[in-house]
Amino acid sequence: MDGSFLRFYVHENERLHGQLAWEWLLQHANAMGIRGGSAFRAVAGFGRDHRLHEERFFELAGTVTVEVEFIVTDDEARQLLELVTSEGLRVFYARTPAHFGTTGG
């Protein structure tokens, strides 16, 4: 099957409607019927501000990135991006073509 690898990058303490943004993304993707999604917490990284964020520094607690990813059809990617936009979540994302399926019987 052909589709998209869709990744969202949010700060671990970022919230939308009182819920952690990464949890909100997973919950709403699940409700849309998307077959699966995962969230991964970064050890360190930097973004547009070029400021290094590391989990080991107490004063930067809660500022590392969580990557939330989905492998979806192009229609599901479009629907999820439209939902995120309509809800006002300002988030960096990456969308790349993907070929996916399952092996075995």
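These notes cover the structure that comes with them. (Residues numbered from 1 in each chain as written. Predicted model: local features only at pLDDT ≥ 70, side-chain atom pairs only at ≥ 80, totals over all residues. Heavy atoms only, no water.)

1. What about the sheet that holds strand 1 (residues 2-11)?
Strand order in the open sheet formed by four strands is 4-7-1-8, and the pairing between neighbours is antiparallel. What marks the edges here is a single partner per strand, and that holds for strand 4 (38-41) and strand 8 (92-99). Mean inter-strand twist for the sheet, computed between neighbouring axes without regard to direction, equals 20 degrees. As paired elements, strand 1 and strand 7 (residues 65-72) share eight bridges and run antiparallel to each other. Paired with L6 across the strands is F70, a residue of strand 7. The strands touched by helix 1 (residues 21-31) within the sheet are strand 1, strand 4 and strand 7, with strand 7 carrying the most contacts at an inclination of about 15 degrees. (Pairing = 2+ DSSP bridges. Helix = DSSP H or I, 4+ residues; strand = E, 2+ residues; numbered from the N terminus. Axes fitted to C-alpha atoms, helices over the stretch in contact; angles between N-to-C directions. Contact = heavy atoms within 4.5 Å.)

2. Focus: helix 2 (residues 74-86)
Its 13 residues give helix 2 an end-to-end C-alpha distance of 18 Å, which sits within 8% of 18 Å, the value for a rise of 1.5 Å per residue. All buried positions along helix 2 are accounted for by E76, A77, L80, L81, L83 and V84. The arc that holds every buried residue of helix 2, seen down its axis, measures 160 degrees, which confines them to one face. The exposed residues of helix 2 that point more than 90 degrees off its buried face are T85 and S86. For helix 2, the elements touching its buried residues are strand 1, helix 1, strand 7 and strand 8. (Expected span 1.5 Å × (residues − 1). Buried < 20%, exposed > 50% of the residue type's maximum accessible area, 1.4 Å probe, protein only. Arc of directions from axis to C-beta.)

3. A short note on the pattern of salt bridges
One pass over the structure, following the stated rule, counts seven salt bridges. Two residues, E69 and R7, come together in a salt bridge whose shortest N-O distance is 3.9 Å. Of this pair, E69 sits in strand 7 while R7 sits in strand 1, placing them 62 residues apart in sequence. For R7, a relative accessible area of 28% corresponds to the partly exposed category. We note a salt bridge from E12 to R41, for which the minimum N-O separation is 2.8 Å. A residue pair is termed long-range when its members are at least 10 positions apart, and E12 in the loop between strand 1 and strand 2 (15-16) and R41 in strand 4 qualify at 29 residues. Residue class for R41 comes out partly exposed when judged on its relative accessible area of 47%. The network of salt bridges with shared partners includes R7, E67 and E69. (Salt bridge = Lys/Arg side-chain N within 4 Å of Asp/Glu carboxyl O.)

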